[in-house]
Amino acid sequence: MGQLGARAGLYDAATVRVNATGSISVMVGAHSHGQGHETAFPQVVAEMLGIDESMIDIVHGDTSKIPFGMGTYGSRSLAVCGSAMVRATEKIINKAKKIAGHLLEASDADIELKDGQFTVAGTDKSVAWGDVTLAAYVPHNYPLEDIEPGLEETAFYDPANFTYPSGAYACELELDPETGRVTIERFAAADDFGNVVNPMIVEGQVHGGLAQGIGQALLESCVYDENGQLLSASYMDYAMPRAEDVPFYQVDHSCATPCTHNPLGVKGCGEAGAIGSPPAVVNAVIDALHSGGYTQVDHIDMPVSPHRVWKAMQG
Amino acid sequence: MYSFEIESPTSVADAVAALGKEEAQALGGGQTLIPSLKARLAAPSVLVSLKNIDEIKGVSINGDTVTIGGGTTHATVAAEVGSAYPALADLAVNIGDPAVRNRGTIGGSLANNDPSACYPAAALASGATIVTNTREIAADDYFEGMFTTALEEGEIVTAVKFPVPEAAAYIKFEQPASRFALVGVFVAKYADGVRVAVTGASEDGVFRWSEAESALSSNFGADALDGLSLSGDGMISDLHGSGDYRAHLIAVLTKRAVKAAA
Ligand SMILES: Cc1cc2nc3c(=O)[nH]c(=O)nc-3n(C[C@H](O)[C@H](O)[C@H](O)COP(=O)(O)OP(=O)(O)OC[C@H]3O[C@@H](n4cnc5c(N)ncnc54)[C@H](O)[C@@H]3O)c2cc1C
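Residues numbered from 1 in each chain as written. Chains lettered and ligands numbered in written order. Predicted model: local features only at pLDDT ≥ 70, side-chain atom pairs only at ≥ 80, totals over all residues. Heavy atoms only, no water.

1. What about the overall build of chain A?
No. 1: Across its full length, chain A carries 6 helices and 10 strands.
No. 2: By the compact-globule yardstick of 20 Å for 315 residues, chain A is too spread out, its C-alpha radius of gyration being 26 Å.
No. 3: In chain A, which comprises 315 residues, the share counted as buried stands at 45%.
No. 4: Sequence-distant contacts, at least 24 apart, represent 67% of the contacts inside chain A between residues at least 6 apart.
No. 5: Carbon and sulfur atoms form 51% of the exposed surface of chain A, whose accessible area is close to 15800 Å².
No. 6: Measuring between centres, the 17 positive side-chain charges of chain A sit 5 Å from its 40 negative side-chain charges. (Helix = DSSP H or I, 4+ residues; strand = E, 2+ residues; numbered from the N terminus. Rg over C-alpha atoms; globule rule 2.2 N^0.38 Å. Buried < 20%, exposed > 50% of the residue type's maximum accessible area, 1.4 Å probe, protein only. Contact = heavy atoms within 4.5 Å. Areas by Shrake-Rupley, 256 points an atom, 1.4 Å probe, with all protein chains shown as cover. Lys, Arg positive; Asp, Glu negative; His and termini not counted. Charge placed at Lys NZ, Arg CZ, Asp CG, Glu CD.)

So this is what it looks like as structure tokens:
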């Protein structure tokens, strides 16, 4: 990363284009392939401006339309690209306050933005978000000597540090000592992801990660024979986790310690489920073996198939 | 997949005639054959679909015999055999997924004789009779090893006759990926003795575990099996389990089947 010129994990970028009607297109460098950026990103901008989320459209994945970004990986989209979006929206607010100050014949330092209304502090003089955005593009009453027309801003955000989410995972399982078959009964995952923008999406990320981690712990494996022939070449032999292989999860995000160095106070959540679950599952298997009297077993390779458990029990 | 002709006769006689053509092959539910065509592991020039032959479809229950048409789907067996032969319905309802059960047929399963398939264990443990367009074959003479049966080229399984046992159960230990039987054991108790058939385990395909049969015939309880075991020699060894593991599972599952049946 250092050789690419980054401090931590590289920058990302966002362009916030406010249209004359007040609707907004946000062009982002991070790609959404199911994580729900289209839902969570507008929430952030809408809250900053006090307008409805439905007015905000996220544009991603088309390099002819978006600023140069680094993409989605390492649980970084909201923490890095989302922060770029916040910075660009702050620039939008600053400029919009200048326009509003002109329209309200007040100093922009006295303008407050709340619920989509620009108000002169301490008065009932106000102008709506949509009137300001229209003035930006139809500038017949506009401070053209001081600021350019239009309302579009770009920001590149380079994080000073990584985010450090933390969590505790607990797996309860049953092990059939006669066959070695492991069945997960309960799984609890508590994570501190800092501020949570969209709890449902965050839960979904954790659920998916848990299924992936449980799949890795118990089922999934690429197996080659001694000639290099792939044996697990179809789903007849490659064991994907299915609904019946995973329990109903208990997830908790009530402990939320904001990240100290990005404007949203958010931490990465995409990978946590897949990182925490394999050790929880395997440790639970070892614990089950110990409580069943198989105290000689202190290690078992993933995937923990029934055959491997049975072999470990044979000593 | 290579190209092929398809014929859809409506009678066994027409199907037999169509199967007389060069490189013709019967198509049941296609749940095994179509994937192997896709993988270019088979290249018949004519497929003769048995789907429209009503005379080989359906279940009839007559006294102590359940007769299932060779073209009957697993879903139909699951739905209609339960009152007469619950263990058999139970087996059918645990084959594959709904799509597989709504297409796959008992005739196709028995003709294919996959070493991990479920129906061969039921047929062998029940001492079933496999009825074809030309003859009746006792299950004991029918299964000849992995993917091999007594069927002649072009011979069609038209029905399977299962004598209804006094008690029976099938326990399938699923292979984690395919959910076929890593090992499956079917135990059936008749007035003249107990039969135990094992699928998924042997390199010779489905087989009867005769020691377990004699022990259970004199005492139909799981404890009758105490001390009985099989060797891992000649058992399938693959990425999902060794021969020794499969041999071990047979003993475990046979006890469980007896408990479930009793
Ligand atoms: C995802 C999946 C999961 C499965 N899980 C299981 C499982 O858990 N247990 C299990 O036992 N099986 C399982 N199967 C296999 C399934 O039961 C198939 O339906 C069956 O093995 C083949 O039946 P079919 O009617 O589809 O035959 P087809 O695929 O059409 O044919 C198979 C072979 O039988 C021949 N044939 C078909 N019908 C007849 C007939 N009436 N007379 C003579 N020859 C005939 C064909 O020429 C071909 O050679 C699974 C299949 C899939 C795809």
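2. What about helix α2 (residues 77–103) of chain A?
No. 1: The end-to-end C-alpha separation of α2(A) is 37 Å, in line with the 39 Å expected for 27 residues at 1.5 Å each.
No. 2: Once α2(A) finishes, Glu105(A) follows within two positions and takes phi at roughly 55°, a positive value. (Expected span 1.5 Å × (residues − 1).)

3. Details of the domain arrangement of chain A
Residue and element names in this part refer to chain A.
No. 1: By the assigned domains, chain A splits into domain 1 (12–157) and domain 2 (166–314).
No. 2: Between the C-alpha centres of domain 1 and domain 2 there is a distance of 40 Å.
No. 3: In this complex, domain 1 contributes 15 residues to the contact, which on the side of domain 2 involves 13 residues.
No. 4: Taken together, both faces of the contact between domain 1 and domain 2 bury some 1100 Å²; the carbon and sulfur share is 63%. (Domains from an automatic or database assignment. Buried area = accessible area lost by both parts, 1.4 Å probe.)

4. Overview of the packing of aromatic side chains
To describe a pair of aromatic rings, you give the distance between the ring centres and the angle between the ring planes.
No. 1: Taken as a whole, this structure holds 8 aromatic pairs over all chains when the rule is applied.
No. 2: Arranged with centres 6.2 Å apart and planes meeting at 80°, the rings of Tyr85(B) and Phe162(B) form a pair that is edge-to-face. Linking Tyr85(B) in the loop between α3 (74–80) and α4 (86–93) with Phe162(B) in strand β10 (residues 157–163), this pair joins segments that are 77 residues apart in sequence. Comparing Tyr85(B) with Phe162(B) shows no difference in burial state: the two are buried.
No. 3: Ring geometry for Tyr85(B) and Phe186(B): centres 6.2 Å apart, planes at 90°, overall edge-to-face. With Tyr85(B) in the loop between α3 and α4 and Phe186(B) in strand β12 (residues 181–190), the pair connects residues that are 101 residues apart, well separated along the chain. Take Tyr85(B) and Phe186(B): they sit in the same class, and that class is buried.
No. 4: Taken together, the ring pairs in this structure connect Tyr85(B), Phe162(B), Tyr170(B) and Phe186(B) into an aromatic cluster.
No. 5: For Arg181(A), the ring lying beneath its charged end belongs to Phe173(B), and the centroid distance is 4.2 Å.
No. 6: The ring of Phe220(B) carries the charged tip of Lys189(B) above its face, separated from the ring centre by 5.9 Å. (Phe/Tyr/Trp six-rings, centres within 6.5 Å; stacked < 30°, edge-to-face > 60°. Lys NZ or Arg CZ within 6 Å of the ring centre and 35° of its normal.)

5. Digging into the pattern of salt bridges
All names here are of chain B.
No. 1: Within the structure shown, the criterion is met by 20 salt bridges over all chains.
No. 2: Among the ionic pairs, Glu136 bridges to Lys161, the shortest N-O distance being 3.1 Å. Of the two residues, Glu136 is situated in strand β7 (residues 136–138) and Lys161 in strand β10; the sequence distance between them amounts to 25 residues.
No. 3: For Lys161, a relative accessible area of 28% corresponds to the partly exposed category.
No. 4: Of the charged contacts in the structure, one is a salt bridge between Glu166 and Lys189, with a shortest N-O distance of 2.9 Å. Remark: Lys189 occurs in strand β12 and Glu166 occurs in the loop between β10 and β11 (167–174); sequence separation between them is 23 residues.
No. 5: Relative accessible area serves as the criterion here: at 51%, Glu166 is assigned to the exposed category.
No. 6: Several salt bridges converge on common partners, so that one network encompasses Asp140, Arg195, Arg208 and Glu213. (Salt bridge = Lys/Arg side-chain N within 4 Å of Asp/Glu carboxyl O.)

6. Focus on the domain arrangement of chain B
No. 1: The assigned domain composition of chain B is domain 1 (5–49) and domain 2 (167–262).
No. 2: The gap between the C-alpha centroids of domain 1 of chain B and domain 2 of chain B is 34 Å.

7. Looking at the environment of Asp114(B)
All names here are of chain B.
No. 1: Among the secondary structure elements, Asp114 is positioned in the loop between α6 (106–112) and α7 (119–126).
No. 2: When the C-alpha atoms of Asp114 and Ala139 are compared, they prove to be 15 Å apart, with 25 residues separating the residues in sequence.
No. 3: The contact partners of Asp114, leaving out residues within four places of it in the chain, are Pro120, Phe147 and Phe180.
No. 4: Separated by 2.7 Å, the side chain of Asp114 and the backbone nitrogen of Ser116 make a polar contact. (Polar contact = N/O pair within 3.5 Å; in protein donor to acceptor, adjacent residues only side chain to side chain.)

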